[in-house]
Amino acid sequence: MAYGGYEPAGAFGPMAGRGRGHRAIKILLAGGFGVGKTTLVGAVSEIRPLRTEELLTETSARVDSTVGVERKTTTTVAMDFGRITLREDLVLYLFGTPGQERFWFMWDELALGALGAVVLADTRRLADCFPAIDYFERRDIPFIVALNNFDGARRYDTDDVRIALDLDPGLPIVACDARSRESAKEVLISLVEHVLAIADEPVH
Amino acid sequence: MPARDDQWLDAQAGPVVRSYVFTQGRTRPGGEAFDLVSTVAANPSGVADFNSMAPEHMAVLQLTRSPTTVVDIASDVDLPLGVVRILLADLRELGLVAISAPVSTKPQQVDKSTLREVIHGLRGL
């Protein structure tokens, strides 16, 4: 079954351990459209669908002689998220941020209380990740950059990428293959280690 | 001939919310805001009044018998997140569930031992 493999054996039947963590941790995956966010989430976690409907107009301006029925128009944003049960009481949630600009309103909701973010970049379209980097820098959300190694893309030195993206020397840049479970794990571990390192820095 | 009232509801009209019927038209949850990965747990001593609750309230309440996150509930009941938030806020107001914040991630308050557990857990996957 879908939850197999991540669950502590034997607990309390099929529902046991499923997201029941009293400790939940949220990590964001950002980057341009088609950069491999969903691929990375799927490589390392169980993917679950999530429906959101966002209101575009609060009420219809039309006054009706009958009942005061509010008319609401929405846009549906289909999203998914990944869940990794690390222990029965410790669950990691991975959210891919919607790439298109019209979904920016979702970012604030997702970013609230996030442990940190992985900015996934394609070296052929490096500029696509600028908005995500700006976003996390402005909000002081810890992040790392992961370069997804697409077939046929030239491998860049991480120093070149650091210069191109104008990133601080201490900010980790890792190469990855978003399709590989091991590689996806390493990316997440790099982020959490980075958050730990920041927590250890003296307060200025 | 005057246009019929419902004729704007064609394929081009885009999605129109019916889900918010469950919330009696309310679009914002009441009370203190809660995170997507906040944990929701049913209050063991809460008494549900079936008459004043929608079936959707019951479906959501059912899922919180063991602590569950907001997003997991939304995914399980297959209702839009915004609707689930309102239903959960209702249940909280009725004293039927408690909603607790996720692990704090403010740099000053970060729980290092939890982070080490996360790293350890990821390596062990």
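Residues numbered from 1 in each chain as written. Chains lettered and ligands numbered in written order. Predicted model: local features only at pLDDT ≥ 70, side-chain atom pairs only at ≥ 80, totals over all residues. Heavy atoms only, no water.

### Thoughts on the overall build of chain A
When helices and strands are counted, chain A shows five helices and seven strands. Shown N-terminal to C-terminal, the secondary structure of chain A runs as helices and strands in the order β-α-β-β-β-α-β-α-β-α-β-α. Of all 204 residues assigned to chain A, the portion counted as buried reaches 51%. Sequence-distant contacts in chain A: of pairs separated by 6 or more residues, those separated by 24 or more amount to 73%. (Helix = DSSP H or I, 4+ residues; strand = E, 2+ residues; numbered from the N terminus. Buried < 20%, exposed > 50% of the residue type's maximum accessible area, 1.4 Å probe, protein only. Contact = heavy atoms within 4.5 Å.)

### Topic: helix α4 (residues 158–165) of chain A
Among the residues of α4 of chain A, those classed as buried are Val161, Arg162 and Leu165 of chain A. Along α4 of chain A, the residues classed as buried sweep out an arc of 105° about the axis, all on the same side. (Arc of directions from axis to C-beta.)

### Re the confidence of the model for chain A
Residues and elements named next belong to chain A. Of all residues in chain A, 74% attain a pLDDT of 70 or more, and the chain-wide mean is 78. Per-element mean pLDDT across chain A ranges from 75 in strand β2 (residues 46–57) up to 96 in strand β6 (residues 143–148). Low pLDDT (under 50) marks residues 1–21, which in the prediction has 43 contacts with non-local residues, meaning those over four places away or in another chain. Predicted confidence is poor over residues 57–69, with pLDDT under 50, and the contacts of this stretch with residues over four places away or in other chains come to 13 contacts. (pLDDT = per-residue confidence, 0-100.)

### Some remarks on the packing of aromatic side chains
Residues and elements named next belong to chain A. What the rule picks out here adds up to six aromatic pairs over all chains. For the ring pair phenylalanine 81 and tyrosine 93, a centre distance of 6.0 Å and an interplane angle of 35° mean the geometry is tilted. Residue phenylalanine 81 is found in strand β3 (residues 73–87), and its partner tyrosine 93 is found in strand β4 (residues 90–96); the two are separated by twelve residues along the sequence. Phenylalanine 81 sits in the buried class, given a relative accessible area of 0%. Geometry around tyrosine 135 places arginine 139 over its ring, the cationic atom sitting 3.7 Å from the centre. (Phe/Tyr/Trp six-rings, centres within 6.5 Å; stacked < 30°, edge-to-face > 60°. Lys NZ or Arg CZ within 6 Å of the ring centre and 35° of its normal.)

### Describing the pairing of β6 of chain A
All names here are of chain A. With six of six residues buried, β6 is to be regarded as a mostly interior element. Covered by surrounding structure in β6 are Phe143, Val145 and Leu147 together with Ile144, Ala146 and Asn148, the residues of both alternating faces. Here five bridges tie strand β5 (residues 116–121) to β6, and the two strands are oriented parallel to one another. Bridge pairing in β6 links alanine 117 to phenylalanine 143. Running through helix α3 (residues 130–138), the crossover from β5 to the neighbouring parallel element β6 is right-handed. (Pairing = 2+ DSSP bridges. Right-handed = clockwise from strand over helix to strand, strands pointing away.)

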